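# Secondary and tertiary structure notes
Chain residues, written in single-letter form:
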There are 4 protein chains.
Amino acid sequence: MQFLSDNAAVVHPAIWQAMRDADQASAPYDGDALSQRLDAAFSETFGRECHVLWVATGTAANCLALSTMVPPHGAVICHREAHIEMDEGGAPGFYLHGAKLILAEGDAAKLNPDSVLAATANIRDDVHQVQPAALSVTQASEYGALYQPQEIAALGALARSKGWRFHMDGARFANAVAGLDCSPADAAGPVDALSFGCIKNGAMSAEAIVFFDSDLADIARYRRKRAGHLQSKGRYLAAQLLAMLQDDLWLANARAANQAAAQIAARAEDRLLFPVEANEVFCRLTQAEKAALRDQGFGFYDWGDDAARFVTAWNTHPHDAAGLARAIAAL
Amino acid sequence: MQFLSDNAAVVHPAIWQAMRDADQASAPYDGDALSQRLDAAFSETFGRECHVLWVATGTAANCLALSTMVPPHGAVICHREAHIEMDEGGAPGFYLHGAKLILAEGDAAKLNPDSVLAATANIRDDVHQVQPAALSVTQASEYGALYQPQEIAALGALARSKGWRFHMDGARFANAVAGLDCSPADAAGPVDALSFGCIKNGAMSAEAIVFFDSDLADIARYRRKRAGHLQSKGRYLAAQLLAMLQDDLWLANARAANQAAAQIAARAEDRLLFPVEANEVFCRLTQAEKAALRDQGFGFYDWGDDAARFVTAWNTHPHDAAGLARAIAAL
Amino acid sequence: MQFLSDNAAVVHPAIWQAMRDADQASAPYDGDALSQRLDAAFSETFGRECHVLWVATGTAANCLALSTMVPPHGAVICHREAHIEMDEGGAPGFYLHGAKLILAEGDAAKLNPDSVLAATANIRDDVHQVQPAALSVTQASEYGALYQPQEIAALGALARSKGWRFHMDGARFANAVAGLDCSPADAAGPVDALSFGCIKNGAMSAEAIVFFDSDLADIARYRRKRAGHLQSKGRYLAAQLLAMLQDDLWLANARAANQAAAQIAARAEDRLLFPVEANEVFCRLTQAEKAALRDQGFGFYDWGDDAARFVTAWNTHPHDAAGLARAIAAL
Amino acid sequence: MQFLSDNAAVVHPAIWQAMRDADQASAPYDGDALSQRLDAAFSETFGRECHVLWVATGTAANCLALSTMVPPHGAVICHREAHIEMDEGGAPGFYLHGAKLILAEGDAAKLNPDSVLAATANIRDDVHQVQPAALSVTQASEYGALYQPQEIAALGALARSKGWRFHMDGARFANAVAGLDCSPADAAGPVDALSFGCIKNGAMSAEAIVFFDSDLADIARYRRKRAGHLQSKGRYLAAQLLAMLQDDLWLANARAANQAAAQIAARAEDRLLFPVEANEVFCRLTQAEKAALRDQGFGFYDWGDDAARFVTAWNTHPHDAAGLARAIAAL
């Protein structure tokens, strides 16, 4: 029973079916009918005008989006533990041509206006210091915490007041919307672009960059090609994205993952490092306890010496989640 | 009947099957068993030690490979009509951090030692001019022409004598090997890295970068992640590549495409702009003639005002090729 | 008697004096009184609002200016023999983050609307090809030829109609204005930024980037620092620029250089490769003739096997120019 | 009486004289006799083989040096308050093509092996995280503290054991050597390259990059040109550097500045934030105290609300230093 990561789960049957349905000769790149339907499909989901590009990874989605917002001599404000800072192999430095990440604090990897202001308070407004140009948040956060709509709104208001662009890394945006039980629009708030994750949620190889500003999307189209991310058989990526939105498969998958995480959390309350609001459970566990769990066949990542991370996925069976929950409770 | 491009063809059934077979929980990124088998599989195909990375596009393959060979202050020598110069949206400038392309001449988009020397003859060996660091050729060329093994060997010898690295864009390498009827090793010659194309040959979304120098491969692994090309479900890409090599599917597919092109060429000999050695046919055709063909349902690209490009694919039916051949002959 | 290059000449006494006068404690970087006077001084010279930054080299001036105009995924159109293409060691690739140079033709290294259109005619308006974002000309050209005001105006009109920015490399702008005998504003025409050269004209280490668009200047200030070109004792650079403008020293120096070139040209008319309109003389000379001149003590660069380049400077003595002219005539 | 910064002081008479002596026609760029003498002059000073390039700023010196050591996908470890992190406008991001700075702790802006290991301890050796490639220290540190030779040696040993290159920002290296009263070689220890500062020490516009590895110097020559830092009249920069070394002017100037700082520190011991080992004095001072000092005509920078920074220079008169010392003591 694996709780290593949702990024290794199998592909949902509806995604397979959509890809097979796309298997016919078509215009290359994003000229096919499926790619052309993305804007409308996402616009309907978000209730506002969207301009959507598919890409193959979350790293590409985040960095392409940011590259349209930040000049090479500018900076992005993000959390000290943001994925773009910690886990993208320096991709922001590549895509943003050396622009800087300004690291801010916040519980559970969530920013707030005070922490953002603190991180930027000592930046003199002169050419000797790199000036922020965008703010980036992760919804759900790297520790599985959620921004409430009013929290996103407040950060957006701060960004607007400072003249910064606003980006959301939504690798687990589906889990966030499912957890918040709000509209996608409210979960995204006033961001200029959203990396709308699907791969951790049952897709194979497609993420959406959802732009709410057409000027940024126009830039991104050139940059996607320039980064080698414009696949010639793009219809197989578009098919995945459309299938995700179809009948809200994305939300059904996310709810299943969240519920499995909640099952585990319910039996581990005194061990939790962070509130469990999406599909990740961080538990205090000794080395001996972790060994005991592994002996029982559970797979997961160490989180330092005295904690562990469990991630549930769209296909985590309630039976397996219950098994893990019991095993933790029994330690 | 479409002859627009092989890059839009459907996916071969064996590729689909391999992807379905890969649909089980596995280590993410390239830690899965399929990705781990790539080095051995390609080493067997080439009869020498290979270090192989999957990526999703030919542009990424070319530019990642070159980025391991050329410093930002250096240059790549390529043909004036090379794909990296003409059709990659400036990706070499991005991946190579502003390194330069030095453009050389040659019939049918093929370089030769004389044309390479002519292109570099006037570069003074001082800091005011950008110094070449690598040579890149395309096999088959952008005009469907093939480098004979001795031609590649001669270019490789020149590169070695100058201290340049040597790269091959093999978006249609399969068609080249099929057309040359030689070993893959002879078709690649002494290159340091080969972009081994599969997408135009029946795959969905996987190309291989085949390094014959492990030091370059080690750099490429970091750069692939940094470019957002390290997919978390990499097993679906590895599966495509392994299926291609299995029982030489890649050569069977390429032979089919080449034969279809030969069928067309045989009826259009007096119209050919270039010898037809792989799966592309460039024909002199007036605007009226092109209109007539389109009226009969044939799809293809204009090549300027008075020519057209026809590309065959792994699934071009001999009947359709014959139909086009007859239609051209009847003009 | 050296005619190698104006870039190696000694420093004019008035420049020395201005630098000595600047030798007092002052605000660092460009906060000193002299740097603060640059905008006004150049605005008066050009009769329009200027925003001026000093830098230490022409390469930095050109590339910083262009970096404010062209996105990394864009291109600059310039002459095939432009300094930015031929002699800046790839600096445009560095400063523009991999943007491309599109090379156009034209006599005497001068562009014209037809040649610019020819160079861009085959660029499809899609993401696979790099789109031009700026046009760059050199006044006086790399072969010492001048753009008449109406020629600059025509190129500017073309740029405007295409949505391109317009840049002028004026490493020898002073020689151009002196040769055209027109106003500086007319010689610059509708460019957005001008690299106003002083070092080849008697300064030591200061060039001006003259922006006619304050938004571009604002970007350039950050980029200058980021490129390590913001000197802490900037007052010594500002002093040089102000001394150049004072009493039109720049034009007096340029006229002296131009007259010396004219002296030489007058005796070499049948040997000239290009009309001599500024301070460079390109002459057809055999290897034996060049050897003979060198035996008489004249220094100059070969221009291929059968030509030579002679450059005069602000301090070329008429007697020396006459000596060279006689020597050539006597060959 | 200004104590704002040594970077705004006037130019030493011997520097002026050397520049005037250089005012004769000569080979351009670094082909002149003075530039050609730099390697020998610095080799004598350091007692080992040096390869030396002049540049116009400390930012360019630091970033060019580092650009020869760190690939774009790598990182530099430096102090959280290092100049390259805090005050160079993002130049490392530009020159290193997006490589990362890894920030480490340490008193008085000095690193030590423990703090360096702590900063890198959590970097997994995989492609998802950016791997360090070089270590950079500042001698004297940004807070005027000195690395003892054995401290540099220990950091060098750590770097060597990890396979990292080692760089020293010596914007105030002269003050460090004067303060340590050791040989230049011991103050630099086993670094691969040293930014040898002169501008804060009485020069006008020249810093030296001293490479102790000729391979790095060879790369730097191309990168200097590419960055627009190869001045055509380089002899005026070389002259400044040679004059600095002549009769140890650099050490005499630095000693004068250090002594003035010591004078101030001696009367402010209970207010010092850091030990005063070079030419910078950081004092706790209330807003009212700072206002009082400014009323008496002393110029200096605020260091937050409750402290101030005083910097002495080569030409700080002992009388002025004594005056400030008395004024602080009298508060």
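Residues numbered from 1 in each chain as written. Chains lettered and ligands numbered in written order. Predicted model: local features only at pLDDT ≥ 70, side-chain atom pairs only at ≥ 80, totals over all residues. Heavy atoms only, no water.

Quick look at the interface of chain B and chain D now. Taken together, the contact between chain B and chain D spans 20 residues of the former and 20 residues of the latter. Three residues, His 73, Val 127 and Tyr 222 of chain B, lead the burial of chain B against chain D; their summed loss comes to 40% of the area buried on that side. Counting across the chain B and chain D interface gives 0 salt bridges. The tally of links from chain B across to chain D stands at 8 residue pairs in polar contact (both at pLDDT 80 or more). Here the side of chain B that touches chain D gets 6 residues from one element, more than from any other, and that element is helix H10 (residues 214–226) of chain B. Here the side of chain B that touches chain D is composed, by residue class, of 8 nonpolar, 6 polar and 6 charged. (Contact = heavy atoms within 4.5 Å. Buried area = accessible area lost by both parts, 1.4 Å probe. Salt bridge = Lys/Arg side-chain N within 4 Å of Asp/Glu carboxyl O. Polar contact = N/O pair within 3.5 Å; in protein donor to acceptor, adjacent residues only side chain to side chain. Helix = DSSP H or I, 4+ residues; strand = E, 2+ residues; numbered from the N terminus. Nonpolar A, V, L, I, M, F, W, Y, C, P; charged D, E, K, R; others polar.)

This chain's UniProt record puts "domain: Aromatic amino acid beta-eliminating lyase/threonine aldolase" (unreviewed entry) on residues 2–282 of chain A. End-to-end, the C-alpha atoms of residues 2–282 of chain A are 15 Å apart, and along that stretch the chain is 42% helix and 15% strand. (UniProt positions renumbered as here; feature names shortened; annotations may be inferred.)

Before going further, it helps to examine the relation of the copies chain D and chain C. Each of the two chain copies goes to the other by way of a rotation about an axis and a shift along it. Note on the copies: chain D fits chain C at an RMSD of 0.0 Å, the axial shift is 0.0 Å, and the rotation between them is 180°. Classification of the inter-copy transformation places it as that of a two-fold axis. Taking the C-alpha atom as reference, chain D places Ala 227 of chain D closest to the rotation axis, 3.6 Å from it. A share of 100% of the interface residues of chain D reappears at the interface of chain C, consistent with the copies meeting face to face through the same patch. (Least-squares fit on C-alpha atoms with pLDDT ≥ 70 in both.)

With that settled, the discussion passes to the interface of chain D and chain C. At the interface, 45 residues of chain D touch 45 residues of chain C. Summed over the three residues of chain D that lose the most area to chain C, namely Trp 16, Phe 94 and Lys 233 of chain D, the buried surface amounts to 21% of that side. Linking chain D with chain C are 0 salt bridges. Between the two partners, chain D and chain C, sit 31 residue pairs in polar contact (both at pLDDT 80 or more). Secondary-structure elements contributing two or more residues to the side of chain D that touches chain C are helix H1 (13–21), helix H3 (58–67), helix H5 (91–95), helix H10 (214–226) and helix H11 (235–245) of chain D. Classifying every residue of the side of chain D that touches chain C gives 21 nonpolar, 15 polar and 9 charged.

A few words now on the pairing of strand E1 (residues 51–55) of chain A. All names here are of chain A. Burial analysis of E1 places 5 of its 5 residues in the buried class, the great majority of the element. Side chains His 51, Leu 53 and Val 55 project from E1 onto one buried face, and the interleaved Val 52 and Trp 54 project onto a second face that is buried too. Note: E1 against strand E7 (residues 207–211), 5 bridges, orientation antiparallel. For Val 52, the partnering residue across the bridge sits in E7 and is Val 210. (Buried < 20%, exposed > 50% of the residue type's maximum accessible area, 1.4 Å probe, protein only. Pairing = 2+ DSSP bridges.)

All names here are of chain A. For chain A, the assigned domains are domain 1 (12–249) and domain 2 (250–329). Its C-alpha centre places domain 1 at a distance of 27 Å from the equivalent point of domain 2. Listed as interface residues are 26 residues of domain 1 and, on the opposing side, 19 residues of domain 2. Regarding the contact of domain 1 and domain 2, the summed buried area is about 1900 Å², with carbon and sulfur atoms giving 58% of it. When the buried surface of domain 1 facing domain 2 is broken down by residue, Tyr 143, Arg 172 and Asn 175 rank first, second and third, together holding 28% of it. Where domain 1 touches domain 2, the interface holds 1 salt bridge. (Domains from an automatic or database assignment.)

Here the focus is the relation of the copies chain B and chain D. When chain B is fitted to chain D, the residual RMSD is 0.0 Å, and the transformation amounts to a turn of 180° plus an axial shift of 0.0 Å. Here 100% of the contact residues of chain B are again contact residues in chain D; the copies associate through an equivalent surface.

A cis amide bond, omega -10°, links Gln 139 of chain B with the succeeding residue Ala 140 of chain B. In this fold, Ala 140 of chain B is placed in the loop between strand E4 (131–138) and helix H7 (149–162). Positive phi, normally seen in glycine, also occurs at Tyr 29 of chain D, with a value near 60°. Locating Tyr 29 of chain D in the fold gives a position in the loop between H1 and helix H2 (33–46).

All names here are of chain B. The contact between helix H11 (residues 235–245) and helix H12 (residues 249–266) brings their axes to 5 Å, and the two run at 75°. In terms of axis orientation, H11 runs roughly perpendicular to H12. Residues Ala 243, Met 244 and Leu 245 of H11 lie in contact with H12, whose contacting residues are Leu 249, Trp 250 and Asn 253. (Axes fitted to C-alpha atoms, helices over the stretch in contact; angles between N-to-C directions. Parallel < 35°, antiparallel > 145°, perpendicular 65-115°, else oblique.)

Residues and elements named next belong to chain B. A rise of 1.5 Å per residue sets the reference length of H10, with its 13 residues, at 18 Å; its end C-alpha atoms lie 19 Å apart and thus fit the reference within 8%. For H10, the complete set of buried residues consists of Leu 216, Ala 217, Ala 220, Arg 223, Arg 224, Lys 225 and Arg 226. Its side-chain oxygen 2.8 Å from the backbone nitrogen of Asp 215, Asp 213 forms the N-cap of H10. Positive phi shows up at Gly 228, right after H10, with a value of about 75°. (Expected span 1.5 Å × (residues − 1).)

Once that is clear, we can look at the packing of aromatic side chains. Evaluated as defined, the whole model comprises 70 aromatic pairs over all chains. Between Phe 94 of chain A and Tyr 95 of chain A the ring centres are 5.5 Å apart and the planes differ by 75°, which places this aromatic pair in the edge-to-face class. Residue classification places Phe 94 of chain A among the buried positions, given a relative accessible area of 4%. You can call Tyr 95 of chain A buried: its relative accessible area is 2%. Each member of the aromatic cluster is reached from another via a ring pair, and the members are Phe 42, Phe 46, Phe 173, Phe 196, Phe 212 and Trp 250 of chain A. Over the ring of Trp 16 of chain A we find Arg 20 of chain B, and its NZ or CZ is 4.2 Å from the ring centre. (Phe/Tyr/Trp six-rings, centres within 6.5 Å; stacked < 30°, edge-to-face > 60°. Lys NZ or Arg CZ within 6 Å of the ring centre and 35° of its normal.)

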